[in-house]
Each structure stands twice: as C-alpha cells, then as structure tokens.
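Residue-level structural notes
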Amino acid sequence: QVQLVESGGGLVQPGGSLRLSCAASRIAFELYTVAWYRQAPGKQRDQIAIQTSDGNTNYAPYVTGRFTISRDNDKKTVYLQMNSLKPEDTAVYYCNVHWASLDFWGQGTQVTVSS
C-alpha cells in the first residue's frame, strides 16, 4: 500500500519560515512528478508548486520567490521550503505524486501564520 506521510506544519509568525516534508513509500519515486497543493477554509484546493522527474519546477505566482519545492529521490521525499510567510498562506497543505495513471495524496498538514 502506497503511503505519503507529511510533516512540518504548525504555527508560525508572519515573516517566518517552515519546511514541509512528504515521505513516500512503495513507489518508484524517481519516476513521479511531485507537487504541493493547499486549501484554505471555504476555498478550493490549489496547486502551488510542482517538480517533474527531471527537475523542472513551476510555482503559483503568489508563492514565487518565497517557496521552494525540492526532492530527494534516495529518501523518496519531497520538501516545500516556505519563507516570508504571510497570514494568507494559512491553509492545509497537501503533497501529491503522480505518474501515468497513478496519483497519490498525503493526508494534509495544517500551516497557520498568525501573530
């Protein structure tokens, strides 16, 4: 059974930083495109960062320059480094990995940006 286990969420003050991790198991992780999404209360789930298996990345405009997606294929882990956090970044963050018809999601981790 494939599992994606997220960690690293929490409460942080505006301007602070957090690093989210998402560890996968039982997949050929290096083949997969990895991505991070977020969903704020009452809003749809939006993709904020994506990285292909060959390392190409793309970001939503409102996180560009502040967030960085990266991966460690040996550890089967994808990361999201979040800097200069704003209250509007408050949301549940989800990792996603997909390849061909295979698509898996993490359980979500809460990020709250508040003073």
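On a predicted model such as this, the values are computed, not experimentally measured, just so you know.

Okay, the sheet that holds strand β1 (residues 3–7) next. The antiparallel open sheet is built from 4 strands, whose spatial order is β1-β3-β8-β7. Two strands bound the open sheet, and with one partner strand each, they are β1 and β7 (67–72). Each adjacent strand pair in this sheet contributes to an overall mean axis angle of 15 degrees, direction not counted. Across 6 bridges, strand β3 (residues 18–25) lies against strand β8 (residues 77–82) in antiparallel orientation. Across the sheet, Cys 22 pairs through a bridge with Val 78, a residue of β8.

Let's shift gears to the nonpolar core. By size, the foremost hydrophobic cluster in this structure holds 27 residues, and its most contacted members are Trp 36, Phe 67, Val 78, Leu 80, Met 82 and Tyr 93. Not counting chain neighbours up to four residues away, the residues in contact with Met 82 comprise Gly 16, Ser 17, Leu 18, Leu 20, Arg 66, Phe 67, Tyr 93 and Val 111.

Moving on: a nonpolar patch on the surface. Among the surface-exposed residues, Leu 31, Trp 99 and Leu 102 lie close enough to one another that they form a single nonpolar patch of about 260 Å² accessible area. If you trace the backbone, Leu 31 turns up in the loop between β3 and β4 (33–39). Looking at Leu 31, the relative accessible area reads 38%, which means it is partly exposed.

Quick notes on the rules
Residues numbered from 1 in each chain as written. Predicted model: local features only at pLDDT ≥ 70, side-chain atom pairs only at ≥ 80, totals over all residues. Heavy atoms only, no water. Pairing = 2+ DSSP bridges. Helix = DSSP H or I, 4+ residues; strand = E, 2+ residues; numbered from the N terminus. Axes fitted to C-alpha atoms, helices over the stretch in contact; angles between N-to-C directions. Core = buried A, V, L, I, M, F, W, Y, C linked by side-chain atoms within 4.5 Å. Buried < 20%, exposed > 50% of the residue type's maximum accessible area, 1.4 Å probe, protein only. Contact = heavy atoms within 4.5 Å. Patch = residues over 30% accessible without salt bridge, like charges linked within 9 Å, V, L, I, M, F, W, Y side chains within 5 Å. Areas by Shrake-Rupley, 256 points an atom, 1.4 Å probe, with all protein chains shown as cover. Salt bridge = Lys/Arg side-chain N within 4 Å of Asp/Glu carboxyl O.

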